[in-house]
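# Notes for the structure review
Listed here are the chains, written in short residue letters.
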Amino acid sequence: MNKVMLLYPPGKLYQRGEDRAQCNIEDSTASSVHACNDLGYAASILRARGYEVFLRDYQTERKVFSDVERDLRAFCPDLVFLSTTNATIYDDLCFVRQVRGIVNCKIVLKGAIFFDAKLERLQSLDFSLTDCTIGGEVEFVIAPVVDCLLRSEGKLSEIPGIVYFDETGAHKTVFSCETPNLDTLPFPARDLMNNALYVRPDTGAPMATISVARGCPSHCIYCLTPHITGRNVRYRSTENIFEELMECYYKFGIRDFFFKADTFTLNKPWAIALCERIIHSPLHGKIAFTANGRADTLSTELLQKMKDAGCFMLAIGFESGSDGSLNKMKKGTSVQKNLEAAAMIKAAGIPLFGFFMIGFPWETEEDLQQTFAHIRRIDPDFVELHVAMPFYDTELYDLCRDAGTLSGGSFGFDYVTPNTTGTAFVSMQRLLELKGRFLLQFYTRPRYLIAKAGECIREPRALIHYFVYGMRLLRHTLHKK
Ligand code: SF4
């Protein structure tokens, strides 16, 4: 039986399973690492096809290469599959070299950076020990790729969404976001995943990621989603999602969930139907979930249903406190809509996680101050403030290049330290200084600290987690002063 090893390499914590932002978790303020569903789906699919599968997230387990080496020697894989990101690609290719120094196996890499990427761009990277990269939705591609590499079934040239390498060079096949019905997928192989690693940031309880929908019709200039998962939104049926919830709850004892969709609140009837399915089920009152939304997609009815179904947090990408910036980034929202959305979420009694961005090429220090004032006015329970990151193939990349703020290619960079020199008017050093100062002020407001202390009295488990996040914030802000 052929053996396949699926892994996240050791190193800094990144949201490797989420192609959209591939967040740097370690240097963020309030984010936690999500489950390795990309590995879990691949494991489930390959196991059903008769492969022996080994899955491990060395990154989140805080393991080092000697741990990988031990597993490689014990398992002796025929193929190693790893998930990479824009920021970690150089380190991950070094990791591939180390792996190949131990076992002579096939290597397959998966990541958003490979989605319909220009071959000239990929040639700046060393793929001499890599057989194939997957840039599309891995669940629909992994089986034919592995069948071809290990069983000599089919041809790589006929599998969509990949780049493969042979003695004649790199070859790209056809890329498309039109993947079939999401209900046809199996559930991730959670029996192979270390579910205790992925937790709710406030309580530390295990939190499973349930991929509920893919795609977004919006045009935000910095976002990879419209490029990689498409503008045509595909939803799983509420029944199919509910079956996965039941499996998580009864088989794995998981009670907390991240409903992963590019915008969960986009399709109100579908989101309400899912909430009602939970409300009228034996899981009602026993599970809780978090999700992402957009400021202009909410309604009182939807938020109330989400609250009743167990929503413990809603994350909104508010992005900016300047209407000029929101327009230029094609967000499709406004400062007023942001304020109304925040008020509706609070009225529904749902804690709010606000995402904001600074550092767009046109922004002045006044724009940044408007965003900081807007955050204070919205007053979310948690804030993540990113610096605009021009990924390849986004409109933002072209704008930064034209504005002269691009400091180089995107590989190796992320939202914490992007590949720009700052904006046309504010240096990167000043941006980071203002960001750090703002976050420190925001999270140390006496009113905020008193509110969080109250939560810790009601939920003592939160104390240790808030302490850890507080230490992380201090580490990131104080040492930059
Ligand atoms: S709303 Fe904008 S940021 Fe959010 S997923 Fe869609 S395109 Fe990306």
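Predicted model only: the values in this text are computed from it and were never measured.

### Observations regarding the sheet that holds strand 14 (residues 352–358)
The strands that make up a sheet pair up through hydrogen bonds in the backbone, lying either parallel or antiparallel. With respect to topology, six strands assemble into an open sheet ordered 8-11-12-13-14-15, the strand pairing being parallel. Edge positions in the sheet fall to strand 8 (207–211) and strand 15 (382–387), since each of these pairs with one other strand and no more. Going across the sheet, the axis of each strand differs from the next one's by a mean of 20°, ignoring polarity. The pairing of strand 11 (residues 256–260) with strand 12 (residues 288–293) spans four bridges and is classified as parallel. Residue D256 lies in a different strand from strand 12, and its bridge partner there is A288.

### Notes on helix 12 (residues 365–378)
For an α-helix, 3.6 residues make a turn, and residues three or four places apart therefore share a direction. When the terminal C-alpha atoms of helix 12 are compared, their 20 Å separation across 14 residues agrees well with the 20 Å that a helix rising 1.5 Å per residue should span. Taken as a whole, helix 12 has its buried residues at D367, L368, T371, F372, H374, I375 and I378. One side of helix 12 carries all its buried residues, which in axial view fall inside an arc of 160°. When the buried face of helix 12 is taken as reference, the exposed residues oriented beyond 90 degrees from it are E366, A373 and R377. In this structure, the buried side of helix 12 is in contact with strand 13 (311–319), helix 10 (323–328), helix 11 (335–347), strand 14, strand 15 and helix 14 (428–443). The positive-phi residue at the C-terminal boundary of helix 12 is D379, with phi of around 55°.

### Quick notes on unusual backbone geometry
Here the phi dihedral of E319 falls at roughly 70°; this positive angle occurs in a residue that is not glycine. A positive phi angle is found at K330, which is not glycine, with a value near 60°. Mapped onto the elements, K330 comes out in the loop between helix 10 and helix 11. By C-beta crowding, K330 is classed as partly exposed, having 14 other C-beta atoms within 10 Å.

### Observations concerning the nonpolar core
The biggest cluster of nonpolar side chains holds 132 residues, and the ones touching the most others in it are L6, A42 and V145. Leave out the neighbours within four places in its chain, and A42 touches L6, F81, V138 and I142.

### What about the environment of Y235?
Locating Y235 in the fold gives a position in strand 10 (residues 234–235). Taking the C-alpha atoms as reference, Y235 lies 8.3 Å from N181; in sequence the two are 54 residues apart. Those residues in contact with Y235 that lie beyond four places of it in its chain are A213, N267 and W270.

### Quick word on the sheet that holds strand 5 (residues 132–134)
Overall, mixed pairing links the seven strands, which are arranged 2-1-3-4-5-6-7 in an open sheet. Where the open sheet ends on each side, the last strands, each with one partner, are strand 2 (52–57) and strand 7 (169–172). Taking each pair of neighbouring strands and ignoring which way they run, the sheet shows an average axis angle of 20°. One ladder, built from five bridges, connects strand 3 (residues 79–83) with strand 4 (residues 106–110); its direction is parallel. Directly across from V80, in strand 4, lies its bridge partner I107.

### A look at the packing of helix 8 (residues 268–279) against helix 9 (residues 300–309)
Close contact between helix 8 and helix 9 brings their axes to 9 Å; oriented N to C, the two are set at 25°. The angle between the axes of helix 8 and helix 9 places the two elements in the roughly parallel class. Pair helix 8 / helix 9 crosses with left-handed handedness. Only E301, L302, K305, M306, D308 and A309 of helix 9 make contact with helix 8, whose side of the interface consists of K268, A271, I272, C275, E276, I278 and I279. Across the contact of helix 8 with helix 9, the residue classes tally to eight nonpolar, no polar and five charged.

### Some details on the domain arrangement of the chain
Structurally, the chain comprises domain 1 (3–172) and domain 2 (199–478). Of note, the centres of domain 1 and domain 2, computed from C-alpha atoms alone, are 27 Å apart. Opposite the 22 residues of domain 1 that make contact, domain 2 presents 29 residues. Partitioned by chemical class, the residues of the side of domain 1 that touches domain 2 number nine nonpolar, nine polar and four charged.

What counts and what doesn't
- Residues numbered from 1 in each chain as written.
- Predicted model: local features only at pLDDT ≥ 70, side-chain atom pairs only at ≥ 80, totals over all residues.
- Pairing = 2+ DSSP bridges.
- Helix = DSSP H or I, 4+ residues; strand = E, 2+ residues; numbered from the N terminus.
- Axes fitted to C-alpha atoms, helices over the stretch in contact; angles between N-to-C directions.
- Expected span 1.5 Å × (residues − 1).
- Buried ≥ 20, exposed ≤ 12 C-beta atoms within 10 Å, placed from the backbone.
- Arc of directions from axis to C-beta.
- Contact = placed C-beta atoms within 7 Å.
- Core = buried A, V, L, I, M, F, W, Y, C linked by C-beta atoms within 7 Å.
- Parallel < 35°, antiparallel > 145°, perpendicular 65-115°, else oblique.
- Left-handed = near helix turned anticlockwise from the far one by under 90°.
- Nonpolar A, V, L, I, M, F, W, Y, C, P; charged D, E, K, R; others polar.
- Domains from an automatic or database assignment.

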